[in-house]
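Geometric and topological summary
One letter stands for each residue in the lines below.
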Amino acid sequence: MSPRDLLRVGAVGLRARPSRALLSALGIAIGIATMVAVIGISASSRADLIRQLDSLGTGLLTVTPGQTVRGEQASLPRTAVAMAGQIGPVRGAAATAQLEARIYRSDLIPPERTGGVSVQAATQRLLDTLQGTGAWFSPATSRYPTVVLGAVAAQRLGARGGDQVWVGERWFTVLGVLDPLPLAPEIDRSALVGWPAAAEHLGFDGHPTTVYVRADPESVTDVAAVLPRTVNPEHPEETTVARPSDALAARAAAAGALTNLLLGLGGVALLVGGVGIANTMVVSVLERRREIGLRRALGATRTDIRLQFLTESLLLSALGGLAGLALGALVTTGYALGHGFPPTLDAWAPAGAVAATLLVGVTAGIYPAARAARLSPTVALSAP
Amino acid sequence: MSGTVHPDPAPPPRPRRLPALGDGPVAELAGVTKTYPGGVEALRGVDLRIEADEAVAVVGPSGSGKSTLLHLLGTLDLPSSGTVRIAGHDVARLPDRRLAALRATTIGFVFQHFHLTPGTSALDNVADGLLYAKTPPDERRRRAALALERVGLAHRLGHRPHQLSGGEQQRVAVARAVVGEPALLLADEPTGNLDSASGAEVLRVLSAVAATLVIITHDADLAAVLPRRVRMRDGRIVEEETS
Ligand SMILES: Nc1ncnc2c1ncn2[C@@H]1O[C@H](COP(=O)(O)OP(=O)(O)O)[C@@H](O)[C@H]1O
Ligand SMILES: [Mg+2]
């Protein structure tokens, strides 16, 4: 039989009982829709993280003091920033230093209500090095009692540019607020004081607690390797080098973790859908014994009959598969747009859905089709 | 519903056609028995030879083995012993594919229940008679229209089965059986579900369009119209008449 004829006879059963066909295709549709949506949503959120990574860059490194061999908190030398700046592929280096001082919205707030904002000294080039935007010190204002607030810190304090805040033992003027820094969330939660001002007004000793280094992305690993020796030549083992973008990359990689469980659920739905189709097909074969007998009398071979019912089973699951694919793509798009992700569905997902559908259709159809092919043709002649 | 039928006394002459293969008999049964799995001996040694262009009525009481005989003639079932030859082929030696090809090209069936596909036009129902004979779709429909014309239904091509009377439905089934010009047309109680007038019309059409015709019937008057009559009882042929 030609493929066209095969499709036509394969659709005979579906046309005769359309509502049954729709119901038995529903299981497949749900299974495929679940799997496609799960894959699509996780791909979209991954795409969003990768997009963030691309825009933030992967060239930023941080150096922090680790512990001394005796288990005490180590510190970085005062020269750390200058030394880091000497490394060839380093485009910028800056530092912050954690200060003892606390910050309050007014001098009347009791000390325990600090609001989770830390006070840090910042070198002039910090904003450049982090490639951040927002308010910043000029070389002049960095000498005066002024602060720049991180995005979160400003929120917690309820302060903005021009306000006065109580830092340590005196009033400081808020210069302005920084935009959020996804790769340095610790800065978001800080109130920054200029390096010279910190020394003058807050008793700062000049030892940085975090050095930020911006390296050429291609040379990041090389720079990271030489940083401990460069920054702290006497005790390179007491420094820790990290790459903040690694955390984002790890989240992108982990975006598939929950996916596997949900994917499994979709697989179960698909399996149940397949059993539903097999069941429908067995019933259909029983009901259509006389049609089968008639076709045999008209000259159909056993293979013709088997192919007819296999085609019917395939059409049923393809119906469900296509509906599921469309539904899954719709859910993916809706979810991604709702979260501001770029809607992403890798080509392998629809291809996999089609393959799964065909596999289920064939598998579900094998047994009913074999039963139909084995039926004796004489049933057509017997009374109904 | 039978017994009062008086179809046209002289059916129109059937078209003369060359038998499918050679000059031998269209069908030949020799020493055929058929025992069903339950142990029922439906045929107990049947010898029967049907020549090309014959028209044979098979009569006999219910359960005498008429339908079983027709199944064997139509290669829908195989004998328990003895040989069945259709167009020269020993059916027991043919694989399913060849048997199916024989049914597709050489044998046509008409059943008591018309077995038309509901919701499908008369034309497409008849065209399905060529579906398994490797005929291209356009050719199938062209020949289906001709076959419907031959059974007097040229004006009913687009009608669906439920829009047709019982007699018309059976004529559609006859058209489907003969659209492939089979050498042998087998009909099992083709008028059993029809009133006498429609039954007579179907019989007239069957005689007109078939090459070689074997009809099972309960209806003695109907059988009397055909030139040859075979009477069965308890799985045996007990009487043969030719007129
Ligand atoms: N598929 C079958 N399985 C078992 N017994 C059958 C089968 N078909 C027919 N028979 C039996 O074989 C005998 C002949 O049946 P059948 O050929 O249908 O006779 P008729 O057509 O003359 O009424 C009957 O006793 C019937 O019950
Ligand atoms: Mg019978």
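Residues numbered from 1 in each chain as written. Chains lettered and ligands numbered in written order. Predicted model: local features only at pLDDT ≥ 70, side-chain atom pairs only at ≥ 80, totals over all residues. Heavy atoms only, no water.

1. Let's talk about the overall build of chain B
- Within chain B, the secondary structure is distributed over 7 helices and 10 strands.
- A compact globule built from 243 residues should have a C-alpha radius of gyration of about 18 Å, and chain B, at 17 Å, falls within 12% of that.
- Principal-axis analysis of the C-alpha atoms places the extent of chain B at approximately 45 × 45 × 35 Å.
- Counting over 243 residues, chain B shows a buried share of 53%.
- Put simply, of all contacts in chain B between residues at least 6 apart along the chain, 72% involve residues at least 24 apart.
- As displayed, chain B has an accessible area near 10,300 Å², and 50% of this comes from carbon and sulfur atoms.
- A distance of 4 Å separates the average location of the 28 positive side-chain charges in chain B from that of its 28 negative side-chain charges. (Helix = DSSP H or I, 4+ residues; strand = E, 2+ residues; numbered from the N terminus. Rg over C-alpha atoms; globule rule 2.2 N^0.38 Å. Buried < 20%, exposed > 50% of the residue type's maximum accessible area, 1.4 Å probe, protein only. Contact = heavy atoms within 4.5 Å. Areas by Shrake-Rupley, 256 points an atom, 1.4 Å probe, with all protein chains shown as cover. Lys, Arg positive; Asp, Glu negative; His and termini not counted. Charge placed at Lys NZ, Arg CZ, Asp CG, Glu CD.)

2. Some details on the nonpolar core
- Of all hydrophobic cores here, the largest spans 60 residues; its most connected members are Phe309(A), Leu29(B), Leu69(B), Leu73(B), Ile86(B), Leu186(B) and Val214(B).
- With 6 residues, helix α14 (residues 348-374) of chain A is the single largest residue contributor to this core.
- Filtering out sequence-adjacent residues up to four positions away, Phe309(A) remains in contact with Met281(A), Ser284(A), Val285(A), Arg288(A), Ile292(A), Ala369(A) and Ala372(A). (Core = buried A, V, L, I, M, F, W, Y, C linked by side-chain atoms within 4.5 Å.)

3. Some words on α14(A)
- Between its first and last C-alpha, α14(A) extends 38 Å over 27 residues, near the 39 Å set by a 1.5 Å rise per residue.
- Ile366(A) marks where α14(A) bends most, by close to 40°; the proline Pro368(A) follows one to four residues later. (Expected span 1.5 Å × (residues − 1). Bend = angle between axes of the 7 residues up to and from the residue.)

4. Quick notes on the confidence of the model for chain B
Residues and elements named next belong to chain B.
- When pLDDT is averaged along chain B, the result is 89, and 91% of the positions lie at 70 or above.
- By mean pLDDT, the top-scoring element of chain B is strand β1 (residues 27-35) (97), and the lowest-scoring one is helix α7 (residues 220-225) (86).
- Throughout residues 1-20 the model reports pLDDT below 50, and contacts reaching past four residues in sequence, or to other chains, amount to 43 contacts. (pLDDT = per-residue confidence, 0-100.)

5. Examining helix α3 (residues 18-56) of chain A
- The terminal C-alpha atoms of α3(A) lie 54 Å apart, and with 39 residues this matches the ideal 57 Å at 1.5 Å per residue to within 8%.
- Approximately 30° is the largest bend angle found in α3(A), and it occurs at Leu26(A).

6. Some points on the domain arrangement of chain A
- Examined at the domain level, chain A breaks down into domain 1 (3-53 + 249-381) and domain 2 (60-242).
- In this structure, domain 1 of chain A and domain 2 of chain A have C-alpha centres spaced 58 Å apart. (Domains from an automatic or database assignment.)

7. A look at the pairing of strand β8 (residues 212-216) of chain B
All names here are of chain B.
- Counting buried positions along β8 gives 5 out of 5 residues, so the element sits mostly inside the fold.
- Side chains Thr 212, Val 214 and Ile 216 project from β8 onto one buried face, and the interleaved Leu 213 and Ile 215 project onto a second face that is buried too.
- Taken together, the 4 bridges between strand β3 (residues 55-59) and β8 define a ladder with parallel strand orientation. By the bridge assignment for β8, Ala 55 is matched with Leu 213.
- Pairing geometry for strand β7 (residues 184-188) and β8, over 5 bridges, is parallel. In the strand pairing of β8, Leu 184 is matched with Thr 212.
- The handedness of the β7 to β8 crossover, carried by helix α6 (residues 196-209), is right-handed. (Pairing = 2+ DSSP bridges. Right-handed = clockwise from strand over helix to strand, strands pointing away.)

8. Structural notes on the site of ligand 1
Residues and elements named next belong to chain B.
- All residues in the neighbourhood of ligand 1 are listed as Tyr 36, Val 40, Ala 42, Pro 61, Ser 62, Gly 63, Ser 64, Gly 65, Lys 66, Ser 67 and Thr 68.
- One of the side-chain nitrogen or oxygen atoms of Lys 66 is found 2.9 Å away from an oxygen atom of ligand 1.
- Against a free-state accessible area of 560 Å², the protein chains account for coverage of 59% of ligand 1.
- No other element matches the 3 residues that helix α1 (residues 66-73) contributes to the shell around ligand 1.
- Looking at side-chain class alone, the shell around ligand 1 contains 4 nonpolar, 6 polar and 1 charged residues. (Near = heavy atom within 4 Å. Polar contact = N/O pair within 3.5 Å; in protein donor to acceptor, adjacent residues only side chain to side chain. Nonpolar A, V, L, I, M, F, W, Y, C, P; charged D, E, K, R; others polar.)

9. Describing the sheet that holds strand β10 (residues 239-242) of chain A
Residues and elements named next belong to chain A.
- The strand order β3-β6-β7-β5-β8-β4-β2-β9-β1-β10 describes an open sheet built from 10 strands, whose pairing is mixed. Two strands bound the open sheet, and with one partner strand each, they are β3 (103-104) and β10.
- Summarising the sheet, strand β4 (residues 118-122) and strand β8 (residues 190-194) pair through 5 bridges and their orientation is parallel. The residue of β8 that forms the bridge with Gln 120 is Leu 192.

10. Here we look at the environment of Ala197(B)
All names here are of chain B.
- With respect to the helices and strands, the residue Ala 197 is situated in helix α6.
- Residue Ala 197 is classed as exposed on the basis of its relative accessible area of 57%.
- The spatial distance from the C-alpha of Ala 197 to the C-alpha of Pro 136 is 37 Å, given a sequence separation of 61 residues.

11. Overview of the packing of helix α1 (residues 3-10) of chain A against helix α13 (residues 302-339) of chain A
All names here are of chain A.
- Here α1 crosses α13 at 70°, and the two axes come no closer than 8 Å. By the angle class used here, α1 and α13 are roughly perpendicular. Facing Leu 6, Leu 7, Val 9 and Gly 10 of α1, the residues of α13 in contact are Leu 307, Gln 308, Thr 311, Glu 312 and Leu 315.
- Considering only residue class, the contact of α1 with α13 consists of 5 nonpolar, 3 polar and 1 charged. (Axes fitted to C-alpha atoms, helices over the stretch in contact; angles between N-to-C directions. Parallel < 35°, antiparallel > 145°, perpendicular 65-115°, else oblique.)

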